[in-house]
Amino acid sequence: MSMVAEAQLKNAVPTDQEMIDFMVREARLIDQQRFDEWLDLYADDAFYWTPLEWDQTDPRLTCSLMYEDKLLLSIRVERLKGARTFSQKPTSRCHHVLQTPQVDSRNPAANNYVTWTPMHHIETRMDEQTLYAAWATHHLSVENGRLKIKLRRVDLINCDAAFGNIQLFM
Amino acid sequence: MKKGYENTGFEQSHAASGMAPVRHVRNYRGFVFAKINDGGLDFEEFFGESLSSFDNMIDRSPAGQLKVAGGVLRYMHNCNWKMRVENQTDTCHPMVAHESSAGTVVEVWKKAPPVTKKPMAVEIIAPFMSPYEFFENMGIRIWDNGHGHTGVHHSIHSDYSAVPGYFDKMKAAYGEERAKAILGENRHNTVYFPNIMIKGPIQLLRHFKPIAANKTLVESWTFQLVDAPDMLLERTLMYNRPTSIVGHDDLEMYERAQEGLHSNGNEWVNLQRLYSPDEAGQTNVAVNGTSEWPMRHQYRAWTKFMTMGM
Ligand SMILES: [Fe+2]
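Residues numbered from 1 in each chain as written. Chains lettered and ligands numbered in written order. Predicted model: local features only at pLDDT ≥ 70, side-chain atom pairs only at ≥ 80, totals over all residues. Heavy atoms only, no water.

Caption draft 1: Up close: the overall build of chain A. The helix and strand inventory of chain A stands at three helices and seven strands. Scanning chain A from its N terminus toward the C terminus, one meets helices and strands in the order α-α-β-β-α-β-β-β-β-β. Against the globule reference of 15 Å for 170 residues, chain A gives a C-alpha radius of gyration of 16 Å, in line with a compact fold. Counting only C-alpha atoms, chain A reaches 45 × 40 × 30 Å along its principal axes. Of all 170 residues assigned to chain A, the portion counted as buried reaches 52%. In chain A, which carries 19 positive and 24 negative side-chain charges, the distance between the mean positions of the two groups comes to 6 Å. (Helix = DSSP H or I, 4+ residues; strand = E, 2+ residues; numbered from the N terminus. Rg over C-alpha atoms; globule rule 2.2 N^0.38 Å. Buried < 20%, exposed > 50% of the residue type's maximum accessible area, 1.4 Å probe, protein only. Lys, Arg positive; Asp, Glu negative; His and termini not counted. Charge placed at Lys NZ, Arg CZ, Asp CG, Glu CD.)

Listed below in structure tokens is the structure:
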């Protein structure tokens, strides 16, 4: 498995291309199941959010498919490695197809950048393969010369469908 | 539209009176129950003392009222519906099946730097790792018609931290003694046979809908306690996440068990744990929390209702 290391940002303000590369790299880390490196892309106060409702605005008082802080994400990553994680025996695999990410807003003064990435996420385990179509919205900021994810929102096209287990990250 | 029906005898047909009304409807403190069949047990007879779990869930609102809130969650399980129902009172699986999720939570939390407050998610998931003795002492109550609940004395919901301002509102509404009695009830899962489960302390109702012999749709309804702090709804919703790692553990077990049932190696599922020959016919008894009595009780109810018209 080829490993591509993260490149430092050239300047204090990221270019569009640097943000696009960052999105592509995130998908690659998930597909290659390099979850510790993937977690490291997230700021300490980050949230990963998969809304349950279309156009959902509230993650707290409306149910979500997933709304997790970094502690919960790290528990999820640890669990995937566990010897007694029966739902990962055998393990799941996944595959991302991204459209070119678009930079929706850049606000260097507030250190806040928003990108929009339409994608297909395919998750498979044993004979089952499921296709999820979604849009990922990333809120990014620069910390110590690196891009970090503050919020990753994944809106599924069929967010209100009845799903089974979604065990990996979209 | 009358045209096209003249002289067809439509007035005498079954369709003439439109949709068949449901004749037996009961609104119990906001929950509407309907019975399509004219025969069978009436509302009070069917539910009996088990309604006390609905009462406790509703009484947890200082206004004595629940509101559907947070969205309705649905998920699909490739297993028979009875596995979902039996699981609600199966207290012997958490420490094994959920070792991967709750065990990891406990381990990660041990290594976490000391902070002032335990996160809500840790508080919710960690108790799944409680030892067998905890679940034994938790107790199970058996009512008529297959109903029953886990958590007679305490439960995995007992040690949630207090929500600021909530008890004061309860005290103002009910008086201190009654407020303490309401909140002191820590019923874990109440099963309404055949296919409903509620969690009073979490304000949650799950409806298990059989789709096929090996397919079950779960609808999960959450409620807001009217006039109580929002933080309680937040906890309810956190408990109710479908992508929860605890849920992943369970679904894996259901699906493996379902596959196992397709084998003829052993066509029986054993439900004998803590069996006692005198249990049939007993009602409103509290027993050891790891007994499979509730499951046996569900099958006794099943037999009763399936043979009722014979
Ligand atoms: Fe479970």
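Caption draft 2: Highlighting the environment of B:G30. Following the sequence through the fold, B:G30 ends up in the loop between β1 (24-28) and β2 (31-35). For the pair B:G30 and B:Q65, spaced 35 residues apart in sequence, the C-alpha to C-alpha distance is 7.9 Å.

Caption draft 3: Broad picture of the layout of surface pockets. Size it by volume and the largest pocket reaches roughly 1100 Å³. Contributing to the lining of the largest pocket are 39 residues, with B:F33, B:A34, B:K35, B:F46 and B:F47 lying nearest its centre. For the lining of the largest pocket, the elements supplying multiple residues, two or more each, are β1, β2, α1 (43-47), β3 (66-68), β9 (204-212), β10 (215-225) and α12 (293-306) of chain B. In terms of residues, the lining of the largest pocket owes the most to one element, β2(B), which gives five residues. Along the lines of polarity and charge, the residues of the lining of the largest pocket split into 25 nonpolar, eight polar and six charged. Considered as a void within the structure, the second largest pocket measures approximately 850 Å³ in volume. If you go around the second largest pocket, you meet 27 residues; those closest to its centre are A:R125, A:E128, B:N78, B:L251 and B:E255. It is helix α11 (residues 245-261) of chain B that contributes the most residues to the lining of the second largest pocket, six residues altogether. Looking at the lining of the second largest pocket, its residues break down into seven nonpolar, ten polar and ten charged. (1 Å grid on protein atoms, 1.4 Å probe; cavity = no way out; pocket = protein on both sides within 12 Å on 5 of 7 lines; lining within 4 Å. Points joined across faces, edges and corners; volume = space filled by probe spheres on them. Nonpolar A, V, L, I, M, F, W, Y, C, P; charged D, E, K, R; others polar.)

Caption draft 4: Structural context of empty space enclosed by the protein. One pass over the full model with this rule turns up five cavities of 30 Å³ or more. Looking at the largest cavity, its volume works out to about 700 Å³. B:Y239, B:S244, B:V246, B:G247 and B:D250 are, among the 43 residues lining the largest cavity, the residues nearest its centre. Contributing elements (two or more residues each) for the lining of the largest cavity: α3 (70-81) of chain A together with β4 (73-77), α3 (81-87), α6 (120-125), β8 (196-199), α10 (230-239) and α11 of chain B. The element that contributes the greatest number of residues to the lining of the largest cavity is α11(B), accounting for six residues. Looking at the lining of the largest cavity, its residues break down into 21 nonpolar, 14 polar and eight charged.

Caption draft 5: Region of interest: the packing of α3(A) against α11(B). For the pair α3(A) and α11(B), the least separation of the axes is 11 Å and the interaxial angle reads 30 degrees. Taken together, the axis directions place α3(A) and α11(B) in an arrangement best described as roughly parallel. Residues A:I75, A:R76 and A:R79 of α3(A) lie in contact with α11(B), whose contacting residues are B:I245, B:H248 and B:D249. Partitioned by chemical class, the residues of the contact of α3(A) with α11(B) number two nonpolar, one polar and three charged. (Axes fitted to C-alpha atoms, helices over the stretch in contact; angles between N-to-C directions. Parallel < 35°, antiparallel > 145°, perpendicular 65-115°, else oblique. Contact = heavy atoms within 4.5 Å.)

Caption draft 6: Spotlight on the interface of chain A and chain B. Contact residues are listed per partner, giving 32 residues for chain A and 36 residues for chain B. Summed over both sides, the interface between chain A and chain B buries roughly 2900 Å², with carbon and sulfur atoms accounting for 59% of that surface. Of the charged contacts, one joins B:E99 and A:R84 as a salt bridge, the two residues approaching to 2.6 Å between their closest N and O atoms. One can count twelve residue pairs in polar contact (both at pLDDT 80 or more) joining chain A with chain B. Elements supplying a minimum of two residues to the side of chain A that touches chain B: β2 (64-69) and α3 of chain A. For the side of chain A that touches chain B, the element with the most residues is α3(A), which contributes seven residues. For the side of chain A that touches chain B, a count of residues per class yields 15 nonpolar, eight polar and nine charged. (Buried area = accessible area lost by both parts, 1.4 Å probe. Salt bridge = Lys/Arg side-chain N within 4 Å of Asp/Glu carboxyl O. Polar contact = N/O pair within 3.5 Å; in protein donor to acceptor, adjacent residues only side chain to side chain.)

Caption draft 7: Up close: the pattern of salt bridges. Tallying each qualifying case throughout the model produces 29 salt bridges over all chains. Among the salt bridges present, the one from A:R153 reaches A:D155, with a minimum N-O distance of 2.6 Å. No difference in accessibility class separates A:R153 from A:D155, as the two residues are buried. Across the pair B:K209 and B:E219 runs a salt bridge whose closest N-O atoms are separated by 2.8 Å. Taken as a pair, B:K209 in strand β9 and B:E219 in strand β10 lie far apart in primary sequence, ten residues in all. According to the relative accessible area criterion, B:E219 is buried, its value standing at 13%. Linked through salt bridges whose partners overlap, the residues forming this network are B:R29, B:D55, B:D59 and B:R178.

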